[in-house]
Amino acid sequence: MDRPQVKNAVSFDMVGELKEAFQGIKEDDSVKLLTLTGAGDVFCSGGDLHDFHGDLGEQNAFQMLYGMKEVLYELARFPIPTVALLNGPARGGGTELATACDFRYIKEGVTCGFTQGDLGLTTGWGGGTLLYHRIPNLHAYHWLLSSSLYDSNKLIDIGWVQGTYVDDVLEQLKPYTDKTVEQVRIFKQQYIRQQLPLSISTEMDEEVRRCSMVWDTPEHKEAIQKFLSAE
Ligand SMILES: CC[C@@H](C(=O)O)C(=O)SCCNC(=O)CCNC(=O)[C@H](O)C(C)(C)COP(=O)(O)OP(=O)(O)OC[C@H]1O[C@@H](n2cnc3c(N)ncnc32)[C@H](O)[C@@H]1OP(=O)(O)O
């Protein structure tokens, strides 16, 4: 993700670019591992609040959120292992996007959180659904409801992060990349069968629908106005 000037906020264009990038990797049978990271000092600051703004109305909000649900669903059931490299903070949909990867490695001290709760929203890209398939249910429920920012130590404690990394992360990814393409594909298919059945797509659709229901609230509009006037 390469929009450092807005902390890698996901714009409408980036939704299409992510889909295109994943399709290209999917078509290359030699690729063993997909990694996702951010340019600059932030992983991803969620939806671009200029694009994903408060005046969309429920129907348009659903259409707009649904595009990223498709990205997260594609990522969650990707045929090879996927790793989010949290080079900096993740906020809102950025934390959902990281949750859609199989594994997460984080730089010391980086904080992540589902800040939608502070904007009068709930998660809207399906990342809340996926979170319940990554960490124990009560941890997932508390983190979503509280919209807390957790640091790297807490994220390792709750099992959302597999480890920390410094600059050269390739060493840490060796246990995945030193296997053959056939091996990694078989292990990933086994994980998907156990953990991410096709029905997860319906649950993620429901999450998008529920978020679009609270899109048009005064609380959300006020939060967006406050953010944009602070720029
Ligand atoms: C629509 C999807 C929805 C969902 O999932 O359902 C969401 O994701 S809602 C969006 C939730 N995200 C946020 O609330 C995060 C907002 N950003 C931040 O908290 C901070 O920017 C940061 C990510 C912690 C980084 O802080 P810092 O390093 O201090 O940078 P600045 O805050 O000064 O930002 C620099 C610059 O970037 C612009 N920016 C940052 N985030 C976004 C964003 N999500 N959308 C649009 N623009 C963003 C910010 O406005 C600054 O711009 P300028 O002032 O013009 O330089």
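Quantities reported herein were computed from a predicted structural model and do not represent experimental measurements.

Participant: Explain the packing of aromatic side chains here, please?
Facilitator: Centre distance and the angle of the planes are the two values used to describe a pair of aromatic rings. Under the counting rule described, the total for this entry stands at 8 aromatic pairs. Relative to Tyr176, the ring of Phe103 lies with its centre 4.9 Å away and its plane at 0 degrees, an arrangement referred to as stacked. Of this pair, Phe103 sits in strand E4 (residues 103-106) while Tyr176 sits in helix H7 (residues 170-177), and the two are 73 residues apart along the sequence. For Phe103, a relative accessible area of 26% puts it in the partly exposed group. For Tyr176, a relative accessible area of 17% puts it in the buried group.

Participant: Looking at this structure, I do not really get the confidence of the model for the protein chain. What am I missing?
Facilitator: Any region with low pLDDT has predicted coordinates that should not be read closely. Residues with a pLDDT of 70 or more make up 100% of the protein chain, whose mean pLDDT is 95. Both confidence scores are given for the complex: pTM 0.97, ipTM 0.97.

Participant: It is not clear to me how the site of the ligand should be interpreted in this structure. Could you clarify?
Facilitator: The ligand sits among 24 residues. The nearest are Ser45, Gly93, Glu96, Gln116 and Glu231. Here Leu49 contributes a backbone N or O atom positioned 2.9 Å from a nitrogen atom of the ligand. Between the ligand and the protein, one listed contact pairs an oxygen atom with a side-chain N or O atom of Glu96 at 2.9 Å. Taken together, the residues that form the shell around the ligand break down as 8 nonpolar, 11 polar and 5 charged.

About the thresholds
- Residues numbered from 1 in each chain as written.
- Predicted model: local features only at pLDDT ≥ 70, side-chain atom pairs only at ≥ 80, totals over all residues.
- Heavy atoms only, no water.
- Phe/Tyr/Trp six-rings, centres within 6.5 Å; stacked < 30°, edge-to-face > 60°.
- Helix = DSSP H or I, 4+ residues; strand = E, 2+ residues; numbered from the N terminus.
- Buried < 20%, exposed > 50% of the residue type's maximum accessible area, 1.4 Å probe, protein only.
- pLDDT = per-residue confidence, 0-100.
- Near = heavy atom within 4 Å.
- Polar contact = N/O pair within 3.5 Å; in protein donor to acceptor, adjacent residues only side chain to side chain.
- Nonpolar A, V, L, I, M, F, W, Y, C, P; charged D, E, K, R; others polar.

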